[in-house]
Amino acid sequence: MQNSFMQNSFKELVEGIVAKHHSFLRRELPLITDMLSTLSTHCNHDAQISEAEQIFKKVRSKIETHLFDEETSLFPTGIALESGTRPPDCEMDLLARVEEMEKEHENCGNALGKIAQMVGTAPASELRDRVVNSIRLVRDDLDIHVEKENTQVHPRFIELVGASVSAK
Ligand SMILES: [Fe+2]
Ligand SMILES: [Fe+2]
């Protein structure tokens, strides 16, 4: 039986985020890429839809790098610091990366909203509505994901780094 402290451990928190939100993004982002490409073809590569497709490509790549950095550097370092084991070697300044990640959280949400709006200008079709709906679902899930990271993961991480520095 786990106590409430264990339920709120950094490890459980980030593992929950990866299992729920990161896997959702990994499933949905490629589907949206495919749907946008089909929609663009159906719209004879209309300038606005092609631009939405290009912006989405950049946002997807930003998100994928972001998830990679969390899963390979930020989260394992926090887990190691919490359990008192040696953190993995890491080239980047993780406190600076956390700050940058909070900006990325905001920028990605805004960009997805803009893309959904642009796609909404395409002629009415079942595919158009499916794309807009999928982008909105991703953005809604991102809101919950980002809220957990900004208000729980990042402050806990900063605290763990601070405690490890003062213990030296
Ligand atoms: Fe994340
Ligand atoms: Fe994040």
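Everything in this summary refers to the structure shown in the same document. In every chain, residue numbers begin from 1 and rise along the written sequence. A letter from A marks each chain and a number from 1 marks each ligand, given out in the order of writing. Reporting in this predicted model follows two pLDDT cut-offs: at least 70 for local features of residues, and 80 or more for side-chain atom pairs to be given and counted; totals over whole chains, interfaces and linings ignore these cut-offs and use all residues. As a rule here, side-chain values cover all heavy atoms of the structure and leave hydrogens and water aside.

All right, on to the packing of aromatic side chains then. Aromatic rings from Phe, Tyr and Trp, with only the six-membered ring used for Trp, were paired whenever their centres fell within 6.5 Å, and each pair was classed as stacked if the ring planes differed by under 30 degrees, edge-to-face if by over 60, and tilted otherwise. All chains considered together, the criterion is met by 1 aromatic pair. Each ring, one from phenylalanine 10 and one from phenylalanine 157, has its centre 6.5 Å from the other, and the planes form 40°; the classification is tilted. Residue phenylalanine 10 is located in helix 2 (residues 10-42), and its partner phenylalanine 157 is located in helix 5 (residues 126-166); the two are separated by 147 residues in the primary sequence. Considered together, phenylalanine 10 and phenylalanine 157 belong to a single accessibility category, that of buried residues. Runs of H or I in DSSP of at least four residues are treated as helices and runs of E of at least two as strands, each being numbered from the N terminus. Remark: exposure states derive from per-residue accessible area (1.4 Å probe, protein chains only) relative to the maximum for the residue type, with buried under 20%, exposed over 50%, and partly exposed in between.

Now for the pattern of salt bridges. Each reported salt bridge corresponds to a side-chain nitrogen of Lys or Arg within 4 Å of a carboxyl oxygen of Asp or Glu. Following the criterion strictly, the structure yields 11 salt bridges and no others. Note that arginine 156 and glutamate 82 form a salt bridge whose closest N and O atoms lie 3.3 Å from each other. Here glutamate 82 lies in helix 3 (residues 47-83) and arginine 156 lies in helix 5, a separation of 74 residues in the sequence. Taking relative accessible area as the criterion, arginine 156 reaches 23% and is therefore assigned partly exposed. Residues arginine 97 and glutamate 100 are paired through a salt bridge, measuring 3.1 Å at the closest nitrogen-oxygen approach. One end of the pair, arginine 97, and the other, glutamate 100, are both in helix 4 (residues 94-119), 3 residues apart, so they sit about a helical turn from each other. One network of salt bridges, with partners in common, ties together Asp69, Arg97, Glu100 and Glu104.

So yeah, pure geometry; function would need other evidence.
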